[in-house]
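# Examination of the molecular architecture
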Amino acid sequence: MPGIQIEINQSQIDHVNKMLYTLPNQAKAVFRNSINRGLVAARTQAAKEIRERYDIKTGNVKANQTIRLKRAEQTGSDIVGEISFSGTKIPLYKFHPSPSARRYTNRYVNGVSGWRVTTAVSAADIREKGMVQRPKGFIATFQSGHTGIFRRTSGKTSTGKTKLKEYWGPAVADMLDYPEARESVQNRASEMVAKRLDQELYRVLSSL
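Read on for an overview of the structure. What you see is a predicted model, and the numbers here were worked out from it, not measured in a lab.

### Concerning the overall build of the protein
Scanning the protein from terminus to terminus reveals 5 helices and 10 strands. Residue burial in the protein is summarised as follows: out of 208 residues, 39% are buried. For the protein, long-range pairs separated by at least 24 residues make up 61% of all intrachain contacts whose partners lie at least 6 apart in sequence. Total accessible area on the protein stands at roughly 12000 Å², and carbon and sulfur atoms take up 47% of it.

### As for the side chain of E49
By secondary structure assignment, the location of E49 is in helix α2 (residues 24–53). Here E49 is buried and forms no salt bridge, its nearest opposite-charge partner K48 lying at an N-O distance of 6.5 Å. A distance of 2.8 Å separates the side chain of E49 from the side chain of S184, its partner in a polar contact. With near-sequence residues (within four places) excluded, E49 lies in contact with L176, Y178, A181 and S184.

### Considerations on a positive patch on the surface
Residues R43, K48, R51, K62 and R71 make up a contiguous surface patch of positive charge. Of note, R71 is situated in strand β2 (residues 66–75).

### Concerning a nonpolar patch on the surface
Residues M19, L205 and L208 make up a contiguous nonpolar surface patch of about 280 Å² in total accessible area. Position of L205 among the secondary structure elements: in helix α5 (residues 179–206). Under the relative-accessibility criterion, L205 is labelled partly exposed at 31%.

### Describing the pairing of strand β1 (residues 4–8)
Only one face of β1 is covered, namely the one carrying I4, I6 and I8; the face carrying Q5 and E7 has none of its residues buried. Looking at chain direction, β1 and strand β3 (residues 78–86) are connected through 5 bridges and run antiparallel. For Q5, the partnering residue across the bridge sits in β3 and is E82.

### Let's talk about the sheet that holds strand β10 (residues 162–166)
Taken in spatial order, the 3 strands line up as β8-β9-β10 in an open sheet, and their pairing is antiparallel. The open sheet has two edge strands, β8 (138–141) and β10, and neither has a second partner. Averaged over all neighbouring strand pairs, the angle between strand axes comes to 60°, with direction disregarded. Note: strand β9 (residues 147–156) against β10, 4 bridges, orientation antiparallel. Bridge pairing links K156 to T162 in β10.

### So, the environment of K28
In this structure, K28 sits in helix α2. As a C-alpha pair, K28 and N17 span 11 residues in sequence and 8.9 Å in three-dimensional space.

### Considering unusual backbone geometry
Here S98 and P99 are connected by a cis peptide whose omega angle stands at -5°. On the secondary structure map, P99 appears in the loop between β3 and β4 (104–109). Notably, K136 is not glycine yet its phi reads approximately 55°, a positive angle. One can find K136 in the loop between β7 (132–133) and β8.

Criteria and cut-off values
- Residues numbered from 1 in each chain as written.
- Predicted model: local features only at pLDDT ≥ 70, side-chain atom pairs only at ≥ 80, totals over all residues.
- Heavy atoms only, no water.
- Helix = DSSP H or I, 4+ residues; strand = E, 2+ residues; numbered from the N terminus.
- Buried < 20%, exposed > 50% of the residue type's maximum accessible area, 1.4 Å probe, protein only.
- Contact = heavy atoms within 4.5 Å.
- Areas by Shrake-Rupley, 256 points an atom, 1.4 Å probe, with all protein chains shown as cover.
- Lys, Arg positive; Asp, Glu negative; His and termini not counted.
- Salt bridge = Lys/Arg side-chain N within 4 Å of Asp/Glu carboxyl O.
- Polar contact = N/O pair within 3.5 Å; in protein donor to acceptor, adjacent residues only side chain to side chain.
- Patch = residues over 30% accessible without salt bridge, like charges linked within 9 Å, V, L, I, M, F, W, Y side chains within 5 Å.
- Charge placed at Lys NZ, Arg CZ, Asp CG, Glu CD.
- Pairing = 2+ DSSP bridges.
- Axes fitted to C-alpha atoms, helices over the stretch in contact; angles between N-to-C directions.

In structure tokens form, the structure reads like this:
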């Protein structure tokens, strides 16, 4: 998702500067503090949007995201901050699969016996779509401790074993890359900036 800009427009700037015309440093602090609180509100709203749309725990989102906050600075006639999200794709296993653990069976499943689930693994990464089966998917845990949902490919490793391919869910940036999410995050940030401007201004004026 492209970065979301959080602005204090010229009208708001003029109002604060008019009220604090003898205190320019205090005015700058009002702008900076308001933008920074808007950035925090945007981050919180983004997490809320992800939880509502995707079947994943907050901790798994945080473990796979990078949030960059660009603090308040003058850009043209406005004062602007920016928040952006990035990170790698999240293993589909983190999206509450069913079954959630591998099962031992002596039956042949997909042509192979041993540690296999007896039915294809399903996961509901997007809530409204419900559980979606992943063809020939099975759950495995490697020596590294990583657990995921995998399927066999036609390739071979250097030791002659069948190559596996992991099923992945979206990255955090992809989870937020749709109009409703961007609008929600933007609106929440703008609401917080407007609210904090009034509060910060009042705090300065009441201390005079």
